[in-house]
Amino acid sequence: MTEDDIKGFERELQLVAKAIAGLGGEVSPIKVLPKAMRIEVEGIEDALGYPPPAAFRDVVETFSREMAFSWQLELDLPPPLKDIFYGNCEWSLDAIPQLNRDKDGWVAEVFPNADDPYDAVWHDTFAFMSVPNGDYLAIDLAPEAKGAVISLSHDDGAGHGRRIAPDFSSFIMNWSRVGFAGPE
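Residues numbered from 1 in each chain as written. Predicted model: local features only at pLDDT ≥ 70, side-chain atom pairs only at ≥ 80, totals over all residues. Heavy atoms only, no water.

**A few points about the side chain of Arg57**
And step 1. Here Arg57 shows up in helix H3 (residues 54-62).
And step 2. Of the residues examined, Arg57 reaches a relative accessible area of 17% and is grouped as buried.
And step 3. If we skip the residues at most four places from it in the chain, Arg57 touches Arg38, Val41, Glu42 and Glu45. (Helix = DSSP H or I, 4+ residues; strand = E, 2+ residues; numbered from the N terminus. Buried < 20%, exposed > 50% of the residue type's maximum accessible area, 1.4 Å probe, protein only. Contact = heavy atoms within 4.5 Å.)

Written out as structure tokens, the structure is:
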């Protein structure tokens, strides 16, 4: 991320927090820890057995090793916003190994068949965020995917396997512009 990207992202965080609070919603404190050192990212690579995707690595090494922000809103919004009631964005370099062990547990127990199109979406992924409903947001590690961010649904969710963004950096920048709505 460039310095301009970081400033823009931080500005978006503040704007979303102010807007939700202005609507009477609950807003968590914004948590942005310092950026990770290269050796810390290499430690995650050792724990995983493969390197984190380049765009994820770039974000944690240039912006923040851990970020968390969420909000809740109890309003009857008109369509197409009707089903939006919360937003949440988070990642933590330290949580990545356990998060991926948990995701890999789903692969082994529930989605083991790499030849099945539904199961295959779970394979060769790097989870960076668990969703409260049991789903994950992940980065597709398949060479043809080139690091795209995708949704992993554990229960036939409509967005399963959907490409959300071309890479992690684009994902967080674009998601900030829509207030981190979802991620369910």
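**Examining the sheet that holds strand E8 (residues 163-165)**
And step 1. The sheet built from 4 strands is open, its strands ordered E5-E6-E7-E8 with antiparallel pairing. Strands with a single pairing partner mark the edges of an open sheet, and in this sheet they are strand E5 (125-130) and E8. The average undirected angle you get between the axes of adjacent strands in this sheet is 40 degrees.
And step 2. Two elements, E5 and strand E6 (residues 136-140), share 5 bridges in a ladder whose sense is antiparallel. Residue pairing across strands places Ser130 opposite Tyr136, the latter belonging to E6. (Pairing = 2+ DSSP bridges. Axes fitted to C-alpha atoms, helices over the stretch in contact; angles between N-to-C directions.)

**Topic: the pattern of salt bridges**
And step 1. This model, assessed by the stated rule, comprises 7 salt bridges.
And step 2. Ionic pairing is found between Glu61 and Arg38, a salt bridge with its closest N-O pair at 3.5 Å. Here the residue Glu61 occupies a position in helix H3, and Arg38 occupies one in helix H2 (residues 38-48), the gap between them amounting to 23 residues.
And step 3. For Glu61, a relative accessible area of 16% translates into the label buried.
And step 4. The closest approach of N and O atoms between Lys103 and Asp104, which form a salt bridge, is 2.7 Å.
And step 5. Classification of Lys103 by relative accessible area gives buried; the value is 2%.
And step 6. Assessed through its relative accessible area of 38%, Asp104 is described here as partly exposed.
And step 7. Salt bridges here are not isolated pairs; linked through shared partners, they connect Arg38, Glu45, Arg57 and Glu61. (Salt bridge = Lys/Arg side-chain N within 4 Å of Asp/Glu carboxyl O.)

Structural measurements only, silent on function.
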